Amino acid sequence: MGSPFIYVIIFFSVIILISAFFIVKQQTAAVIERFGKFQSIRHSGLQIKIPLVDRISGKLSLKIQQLDVIIETKTLDDVFVRLKVSVQYKVIRDKVYDAFYKLDYPHDQITSFVFDVVRAEVPKMKLDDVFVKKDDIAIAVKRDLQEYMFEYGYDIIKTLVTDIDPDAQVKAAMNRINASEREKVAAQYEGDAARILIVEKAKAEAESKRLQGQGIADQRREIARGLEESVEVLNKVGINSQEASALIVVTQHYDTLQSIGQETNSNLILLPNSPQAGSNMLNDMVASFTASNQIGEAMKNAKKPKNEE
């Protein structure tokens, strides 16, 4: 009868002895109470407590944690907007006691404070300023929240405004405004491109006309030089300048007719075009040159007596 009882005592003794040892994980703090009263704070590693006297009241993580808070508020220009504020925080290692005993629900406390700060800051801004100054909102939340939560053993590492979501109708209007602005800019660029194209085309046409005029001038200069050489050749064989000029014109007339005849699809009609046209043209030109010389001589003779007087 005695042996089983001893085994039971040994069994419970081993269990009690084993329960005296416990392990605290890295970046964790365990709060030890003795008969309901705070006794100590244990950190990572193998720890010992008095069995049946001490107990682990709770554990707190010392890692950085994140809490996402969704707030709906109104801007200065009466636009309702939803903001998502992410708060990164952790328990201060030396203030585990305050974090464990002063706050029951730290998430609720942080959420309430973020609501209070955001709803105090955003109504001072217009919607566009909310997007531009979202970092200012995050800094204001961090500054005020850190000062408030430090008393309770929490350190605010960073706050971020991660999302700004206006009302659906407001977003649609903003998209239409943005699209209109982009269309306006596109139209301006297209107008500038068209204007540049017109200017460059005009410059190209002007340059083409200039080169074309220069070519015509060079062509006429060469024609004149060729005519001059032809007249000199004819003068050497006893044909005077008037007759030589008339002969050259008639020759060019027949060259033109020959050139037109070679073009099967030409619609050009050269007048006069009768067989005796060349002879008449030559006679008319010689007569006009002779009359012109006579008039010139008469004018010279009329001026001589006046000069002698």
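Here we summarise the structure given alongside this text. The structure presented is a predicted model; accordingly, all values stated were derived computationally and were not measured. (Residues numbered from 1 in each chain as written. Predicted model: local features only at pLDDT ≥ 70, side-chain atom pairs only at ≥ 80, totals over all residues. Heavy atoms only, no water.)

## Describing the overall build of the protein
Item 1. The number of helices and strands found in the protein is 8 helices and 8 strands.
Item 2. Classification of the 309 residues of the protein by burial places 23% in the buried group.
Item 3. Partitioning the contacts of the protein with sequence separation of at least 6, the portion at a separation of at least 24 is 62%.
Item 4. For the protein, the computed accessible surface area is about 21800 Å², with 56% contributed by carbon and sulfur atoms. (Helix = DSSP H or I, 4+ residues; strand = E, 2+ residues; numbered from the N terminus. Buried < 20%, exposed > 50% of the residue type's maximum accessible area, 1.4 Å probe, protein only. Contact = heavy atoms within 4.5 Å. Areas by Shrake-Rupley, 256 points an atom, 1.4 Å probe, with all protein chains shown as cover.)

## Some remarks on the packing of aromatic side chains
Item 1. The tally for this structure, following the rule as stated, stands at 7 aromatic pairs.
Item 2. Taking 4.7 Å as the distance between ring centres and 15° as the angle between the ring planes, the aromatic pair formed by Phe113 and Tyr148 counts as stacked. Of this pair, Phe113 sits in helix H3 (residues 106-121) while Tyr148 sits in helix H5 (residues 134-149); the two residues are 35 residues apart in sequence, bridging distant segments of the chain.
Item 3. Residue classification places Phe113 among the buried residues on the basis of a relative accessible area of 18%.
Item 4. Ring centres of Tyr148 and Tyr152 lie 5.5 Å apart, and the angle between their planes is 55°; on these two criteria the pair is classed as tilted.
Item 5. For Tyr152, a relative accessible area of 18% gives the class buried. (Phe/Tyr/Trp six-rings, centres within 6.5 Å; stacked < 30°, edge-to-face > 60°.)

## Quick notes on the pairing of strand E3 (residues 37-42)
Item 1. Both strand E2 (residues 28-34) and E3 contribute to a ladder of 5 bridges, which runs antiparallel. By the bridge assignment, Val31 is partnered in E3 with Ile41.
Item 2. Between E2 and E3, which follow one another and run antiparallel, lie 2 residues, and Phe35 among them has a positive phi close to 55°. (Pairing = 2+ DSSP bridges.)

## Regarding the pattern of salt bridges
Item 1. Taken as a whole, this structure holds 9 salt bridges when the rule is applied.
Item 2. For Arg55, the salt bridge identified is with Glu33, shortest N-O distance 3.3 Å. Taken as a pair, Arg55 in strand E5 (residues 54-61) and Glu33 in strand E2 lie far apart in primary sequence, 22 residues in all.
Item 3. The class of Glu33 is buried, set by a relative accessible area of 7%.
Item 4. In this structure, Lys74 and Asp78 form a salt bridge, with 3.5 Å as the shortest nitrogen-oxygen distance.
Item 5. Relative accessible area serves as the criterion here: at 36%, Lys74 is assigned to the partly exposed category.
Item 6. Given the relative accessible area of 53%, Asp78 is considered exposed. (Salt bridge = Lys/Arg side-chain N within 4 Å of Asp/Glu carboxyl O.)

## A look at the packing of H3 against H5
Item 1. Contact pair H3 / H5: the axes reach a minimum separation of 10 Å and the direction vectors enclose 140°. Taken as axis vectors, H3 and H5 run oblique relative to one another. Judged by the sense of rotation from one axis to the other, the crossing of H3 with H5 is right-handed. On H5, the residues touching Gln109, Ile110, Phe113, Val114, Val117, Val118 and Glu121 of H3 are Ile137, Ala140, Val141, Asp144, Leu145, Tyr148 and Met149.
Item 2. Across the contact of H3 with H5, the residue classes tally to 11 nonpolar, 1 polar and 2 charged. (Axes fitted to C-alpha atoms, helices over the stretch in contact; angles between N-to-C directions. Parallel < 35°, antiparallel > 145°, perpendicular 65-115°, else oblique. Left-handed = near helix turned anticlockwise from the far one by under 90°. Nonpolar A, V, L, I, M, F, W, Y, C, P; charged D, E, K, R; others polar.)

## Brief notes about unusual backbone geometry
Item 1. Look at Phe35: it is not a glycine, yet its phi comes out positive at around 55°.
Item 2. Mapping Phe35 onto the fold places it in the loop between E2 and E3.
Item 3. On the basis of relative accessibility, which here comes to 69%, the residue Phe35 falls in the exposed class.
Item 4. For Asp78, which is not glycine, the phi dihedral falls at a positive 60°.

## Some remarks on the sheet that holds strand E6 (residues 65-74)
Item 1. Strand order in the open sheet formed by 3 strands is E6-E7-E8, and the pairing between neighbours is antiparallel. At either end of the open sheet lies a strand with only one pairing partner, and these are E6 and strand E8 (154-166). The sheet shows a mean angle of 20° between the axes of neighbouring strands, direction not considered.
Item 2. This element, H3, spans E6, strand E7 (80-91) and E8 of the sheet and lies at about 35° to E6.

## Re the environment of Tyr89
Item 1. Structurally, Tyr89 is set in strand E7.
Item 2. Separated by 21 residues in sequence, Tyr89 and Ile110 have C-alpha atoms that sit 9.7 Å apart.
Item 3. If we skip the residues at most four places from it in the chain, Tyr89 touches Lys63, Ile64, Gln65, Gln66, Leu67, His107, Ile110, Tyr154, Asp155, Ile156 and Ile157.
Item 4. Looking at Tyr89, its side chain comes within polar contact range of the side chain of His107, at 2.5 Å. (Polar contact = N/O pair within 3.5 Å; in protein donor to acceptor, adjacent residues only side chain to side chain.)

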